[in-house]
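Residue-level structure breakdown
So you can see what is in the structure, the chains are spelled out below.
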Amino acid sequence: MKITFMTLQKASIVCLGVGMFLALGSAGTFETTGKIQTGVYVAAFVFLLAAGLLMRLSFALQDYEEKQRKIHKAQRGTVKKPSTKRKAG
C-alpha cells in the first residue's frame, strides 16, 4: 500500500482539527473553573505537533514524487513535425 502526499495532508488536517478542538475546550474549562486539565492540554499539544510533522512529511513526499516523475518521463516534442502539408501558390 502506497501512502500519497494527499493522504498525509488529510491526516494533518484531521490532527489539526482535533488539536484545536481540545485546546479550545481546555481554554474554556480554564476560563470557567480556573483549573488546567493537564491531560487534555498535553493531548492537544501532541495533536498539534503531529499535524505539523505530517504536513512537513507530505510536502517532502510531494517533492519526491514530482522529482521521480521528471526523471522517468520520456521526452516529447524534440523533433518538429510539420502540422500541415500545404503547398504555396
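All figures in this text were calculated on a predicted structure; none of them were measured in a lab.

Side note on the overall build of the chain
Within the chain, the regular secondary structure consists of two helices and zero strands. Looking at the chain residue by residue over its 89 residues, the buried ones come to 13%. Long-range pairs, those at least 24 residues apart, make up 79% of the contacts in the chain between residues at least 6 apart in sequence. When the accessible surface of the chain is split by element, carbon and sulfur atoms take 65% of a total near 7900 Å².

Remarks on the packing of helix α1 (residues 5-33) against helix α2 (residues 38-71)
Their axes nearest at 8 Å, the elements α1 and α2 cross at an angle of 160 degrees. With respect to α2, the axis of α1 lies roughly antiparallel. The interaxial crossing formed by α1 with α2 has left-handed handedness. A breakdown of the residues in the contact of α1 with α2 according to their chemical character gives 22 nonpolar, six polar and one charged.

Considering the environment of Ser26
Relative to the assigned elements, Ser26 resides in helix α1. Along the chain, Ser26 and Gln37 lie eleven residues apart, while their C-alpha atoms are 6.9 Å from each other. Residues contacting Ser26, with those up to four places away along its chain left out, are Val40 and Tyr41.

Re the side chain of Glu65
Tracing the sequence through the fold places Glu65 in helix α2. Owing to a relative accessible area of 14%, Glu65 belongs among the buried residues under this scheme. Among all residues touching Glu65, those that are not within four sequence positions of it are Lys2, Ile3, Thr4 and Phe5.

Looking at α1
Between its first and last C-alpha atoms α1 spans 42 Å; for 29 residues at 1.5 Å apiece the expected length is 42 Å, and the two agree. Considered for burial, the residues of α1 that qualify are Phe5, Leu8, Gln9, Ser12, Cys15, Gly19 and Ser26. Taken together, the buried residues of α1 touch α2.

Reading the values: rules and limits
- Residues numbered from 1 in each chain as written.
- Predicted model: local features only at pLDDT ≥ 70, side-chain atom pairs only at ≥ 80, totals over all residues.
- Heavy atoms only, no water.
- Helix = DSSP H or I, 4+ residues; strand = E, 2+ residues; numbered from the N terminus.
- Buried < 20%, exposed > 50% of the residue type's maximum accessible area, 1.4 Å probe, protein only.
- Contact = heavy atoms within 4.5 Å.
- Areas by Shrake-Rupley, 256 points an atom, 1.4 Å probe, with all protein chains shown as cover.
- Axes fitted to C-alpha atoms, helices over the stretch in contact; angles between N-to-C directions.
- Parallel < 35°, antiparallel > 145°, perpendicular 65-115°, else oblique.
- Left-handed = near helix turned anticlockwise from the far one by under 90°.
- Nonpolar A, V, L, I, M, F, W, Y, C, P; charged D, E, K, R; others polar.
- Expected span 1.5 Å × (residues − 1).

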